[in-house]
Amino acid sequence: MKIGLCADHAGFEYKERLKKYLKSKGHETVDYGTGSAESVDYSDFAHLLAEGVETAAVDCGIAFCGTGNGMAMTLNKHARIRAGLAWNPEIGRLVKAHNNANVLVMPARFISYRMVCRIVGEWLGASFEGGRHLRRIEKMVCTL
Ligand code: RB5
């Protein structure tokens, strides 16, 4: 798969390590930044990754910030993005199986790198179940 990656300073190290790991597993990666551990604004990089996913420049995305929330909130402002936060392997599986997340977000300051790899493995290996979950996703659009 072609996987877009992004992180702020809090997630920079995990992004770099994961980039190498994904390449070793045969995936192609596109790095949307940040490029160092210097303090930055997560939103700048979330928008770049979202654009990459929305234009199909990449198949899906993985994002890190300290809690994961800033990245997820920003990514989910984009109409065609479903960014899901996961902090253990089962949630990694469910965020694809039930929510069909096209971006996986992880809280770099609260999980180990080993956990990151396990979550990513579950997410990439899972399939969207459709059915009632498709109906629920279709109702995510705010009509109020
Ligand atoms: C950066 O200090 C931190 O605020 C950021 O990584 C993230 O946790 C925000 O949601």
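Right above here is the structure, for reference.
Attention here is on the structure that accompanies the text. Once a new chain begins, its residue numbering starts again from 1 and follows that chain's sequence as written. Reporting in this predicted model follows two pLDDT cut-offs: at least 70 for local features of residues, and 80 or more for side-chain atom pairs to be given and counted; totals over whole chains, interfaces and linings ignore these cut-offs and use all residues. By convention in this description, side-chain values take in all heavy atoms of the structure and omit both hydrogens and water.

### Brief notes about the packing of helix H4 (residues 89–97) against helix H5 (residues 113–125)
Stage number 1. Each axis is a line fitted through C-alpha atoms, taken for helices only over the stretch in contact, and angles between the N-to-C directions span 0 to 180 degrees. Secondary structure counts use DSSP, requiring at least four H or I residues in a row for a helix and at least two E residues in a row for a strand, with both numbered from the N terminus. Where H4 contacts H5, the two axes come as close as 7 Å, and the packing angle between them is 30°. Between H4 and H5, the interaxial angle falls into the category roughly parallel. Along this stretch, H4 crosses H5, giving a crossing that reads as right-handed. Two secondary-structure elements touch here, H4 through Pro89, Gly92, Arg93, Val95 and Lys96 and H5 through Met115, Arg118, Ile119, Glu122, Trp123 and Leu124.
Stage number 2. In this classification, the charged set is Asp, Glu, Lys and Arg, the nonpolar set is Ala, Val, Leu, Ile, Met, Phe, Trp, Tyr, Cys and Pro, and all remaining amino acids, among them Gly, are polar. Here the residues of the contact of H4 with H5 sort into six nonpolar, one polar and four charged. Should an angle fall under 35 degrees it is taken as roughly parallel, and over 145 as roughly antiparallel, whereas 65 to 115 is taken as roughly perpendicular and any remaining angle as oblique. By convention, the crossing between two helices is left-handed when the near helix turns anticlockwise from the far helix through less than a right angle, and right-handed when the turn is clockwise. Whether two residues are in contact is decided by their heavy atoms, any of which lying within 4.5 Å being enough.

### As for the site of the ligand
Stage number 1. Taken together, Asp8, His9, Ala10, Tyr42, Cys65, Gly66, Thr67, Gly70 and Arg109 make up the full set of residues adjacent to the ligand.
Stage number 2. One nitrogen or oxygen atom from the main chain of Gly70 is found 2.9 Å from an oxygen atom belonging to the ligand.
Stage number 3. In this description, accessible areas are obtained by the Shrake-Rupley approach with a 1.4 Å probe, and a residue is regarded as covered only by the protein chains that are shown. For the ligand, the accessible surface in isolation is 290 Å², of which the surrounding protein chains cover 70%.
Stage number 4. Residue classes in the shell around the ligand are distributed as three nonpolar, four polar and two charged. Distances are taken per atom, and a residue is near a molecule or strand as soon as one of its heavy atoms is within 4 Å of it. N or O atoms within 3.5 Å of each other form a polar contact, as long as, within protein, one can give a hydrogen and the other can take it, and as long as residues adjacent in sequence are counted only when both atoms are side-chain atoms.

### Considerations on the packing of aromatic side chains
Stage number 1. Classification of ring pairs rests on two measures: the distance between centres of Phe, Tyr or Trp rings, Trp counted by its six-membered ring, which must be within 6.5 Å, and the angle between planes, read as stacked under 30 degrees, edge-to-face over 60 and tilted in between. For the structure shown, the criterion picks out two aromatic pairs.
Stage number 2. Taken together, a centroid distance of 6.1 Å and an interplanar angle of 70° make the contact between Tyr14 and Phe64 edge-to-face. Separated by 50 residues along the polypeptide, Tyr14 in helix H1 (residues 12–24) and Phe64 in strand S3 (residues 60–65) bring together distant segments of the chain. Like Tyr14, the residue Phe64 is buried in the burial classification.
Stage number 3. Between the aromatic rings of Tyr14 and Tyr113, the centroid separation amounts to 5.8 Å while the plane-to-plane angle is 50°, which identifies the pairing as tilted. Of the two residues, Tyr14 is situated in helix H1 and Tyr113 in helix H5; the sequence distance between them amounts to 99 residues.
Stage number 4. When accessible area is computed with a 1.4 Å probe and restricted to protein chains, residues below 20% of their type maximum are described as buried, those above 50% as exposed, and intermediate ones as partly exposed. Taking relative accessible area as the criterion, Tyr14 reaches 14% and is therefore assigned buried.
Stage number 5. Chaining the aromatic ring pairs together yields one cluster made of Tyr14, Phe64 and Tyr113.
Stage number 6. Positioned over the ring face of Trp123 is Lys96, at 4.8 Å from the centre of the ring. The criterion for a charge sitting over a ring is simple: Lys NZ or Arg CZ within 6 Å of the ring centre, and within 35 degrees of the ring normal.

### Thoughts on the pattern of salt bridges
Stage number 1. Salt bridges, as used here, are contacts in which a Lys or Arg side-chain nitrogen is within 4 Å of a carboxyl oxygen on Asp or Glu. Taken as a whole and judged by the stated rule, the model has seven salt bridges.
Stage number 2. With a shortest N-O distance of 3.3 Å, Arg17 and Glu13 are connected by a salt bridge. Remark: Glu13 and Arg17 occur in helix H1; sequence separation between them is four residues, near one turn of the helix.
Stage number 3. Arg17 sits in the partly exposed class, given a relative accessible area of 38%.
Stage number 4. Salt bridges sharing partners connect three or more residues here, namely Lys15, Glu16, Lys19 and Asp31.

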